[in-house]
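Coordinate analysis (summary)
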Amino acid sequence: MAATKDDNFILISEVGPRDGLQNIKQIMPTEAKKRWIAALAAAGVKEIEVGSFVPAKILPQLADTAEIVEFARTIPGIEIAVLVPNVRGAENAIKAGAHKITIPLSVSETHSLKNVNRTHAQMLEAVKTIAEMVQQVSEEDRPSFEGGLSTAFGCTIEGHVPEKKVLSLAEALMEAGCDEVGLSDTTGYANPAQVKTLLRETRRVVGAENCTGVHLHNTRGLGLANALAALEEGATTIDASQGGLGGCPFAPGASGNIVTEDLAFMLEAMGYNTGIDLDALMACRSILTDSIPGVELFGFTPDAGLPLGFAKRQAEAA
Ligand code: ZN
């Protein structure tokens, strides 16, 4: 997201169209995705991860990512983010005109081998190649390039992930040409104390301005607590998904990512500015219930509604 003069601004990066949809069996029709993304943008969401450039046979839910990026580019005022697993994906992302490209690097090498069949050294080679490709794009069209440190807080295969491994890979990603790195709690293992320490240390190692975002899951109910911990350490971008879409196959009843509606409510109630109109955001849920019926949506704020007088105070503050 372009720099804002508003010191109180926190960027909520909506990852539902990518992280949410890739974790449900149903395939959301392309036209519904477009309606959803347009409605989110109209509600004031400023960054949306709209898909992932992976082969359709691996994730058929995201097979239309190029078309979705092309559509999203027609919406003014949003940052269009995509995930890429490799060089080929990055080529497609650049061709489609994404504004932000994130490549995940699993801190757990076992996870990396299982997921993308690549060692750390191979992944860092790919990062270098992608960084060179990105540099060849003319400056006004050049996407930003982020390295996402997944399994940074723990791994379902390796268990504990040592902090020094996270830090050395964060440095390696920056050396390989990333513009920034982010910390991902892929597995929902993080706790607030750990978020604070790891974010602080990572920012110390790569420079605070090069590590501003966290990607959190709510697998064990600590998502918002972890988000608050990240805020207190200076994070200014927090990923979330509408309705906590995606769920968690290992923890029935748990949402996937932290719920955008609850995060936006927490931030706005605390006096931060997210640019989001909460009523308009919550109204976007109907697009999900209509287009992927039966998929469970999470969130407390949508059920409880906003506190009396909240919307009016929010409007006055804006
Ligand atoms: Zn995730």
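Scroll up a little and you will see the structure.
Presented here is an overview of the structure given in this document. Computed from a predicted structure; not experimentally measured. (Residues numbered from 1 in each chain as written. Predicted model: local features only at pLDDT ≥ 70, side-chain atom pairs only at ≥ 80, totals over all residues. Heavy atoms only, no water.)

**Thoughts on the packing of helix α2 (residues 30–42) against helix α3 (residues 65–72)**
Running from N to C, α2 and α3 point in directions that differ by 35°, and their axes come no closer than 10 Å. Between α2 and α3 lies a crossing of right-handed hand. Of α3, the residues touching α2 (which contributes Thr30, Glu31, Lys33, Lys34, Ile37 and Ala38) are Glu67, Ile68, Phe71 and Ala72. A per-class count over the contact of α2 with α3 returns five nonpolar, one polar and four charged. (Axes fitted to C-alpha atoms, helices over the stretch in contact; angles between N-to-C directions. Helix = DSSP H or I, 4+ residues; strand = E, 2+ residues; numbered from the N terminus. Left-handed = near helix turned anticlockwise from the far one by under 90°. Contact = heavy atoms within 4.5 Å. Nonpolar A, V, L, I, M, F, W, Y, C, P; charged D, E, K, R; others polar.)

**What to know about the coordination of the zinc ion**
On the protein side, the zinc ion has Asp19 (OD), His215 (NE2) and His217 (NE2) as donor atoms, found 2.0 to 2.1 Å from it. Mapped onto the sequence, the donors of the zinc ion take the spacing D-x195-H-x1-H. Of this pair, Asp19 sits in helix α1 (residues 16–22) while His217 sits in the loop between β7 (213–215) and α9 (223–232), placing them 198 residues apart in sequence. Like Asp19, the residue His217 is buried in the burial classification. (Donors = N, O, S within 2.8 Å, 3.2 Å for Na, K, Ca; no water. Buried < 20%, exposed > 50% of the residue type's maximum accessible area, 1.4 Å probe, protein only.)

**Some words on the environment of Thr197**
By secondary structure assignment, the location of Thr197 is in helix α8 (residues 192–206). Polar contacts involving the side chain of Thr197 include one to the main-chain carbonyl oxygen of Ala193, which spans 2.8 Å. (Polar contact = N/O pair within 3.5 Å; in protein donor to acceptor, adjacent residues only side chain to side chain.)

**Quick notes on the layout of surface pockets**
The volume enclosed by the second largest pocket comes to roughly 240 Å³. Along the wall of the second largest pocket there are 16 residues; nearest its centre are Asn218, Val259, Asp262, Gly299 and Phe300. Those elements that provide at least two residues to the lining of the second largest pocket are α10 (260–269) and α13 (301–304). A total of three residues in the lining of the second largest pocket trace back to one element, the largest contributor, which is α10. (1 Å grid on protein atoms, 1.4 Å probe; cavity = no way out; pocket = protein on both sides within 12 Å on 5 of 7 lines; lining within 4 Å. Points joined across faces, edges and corners; volume = space filled by probe spheres on them.)

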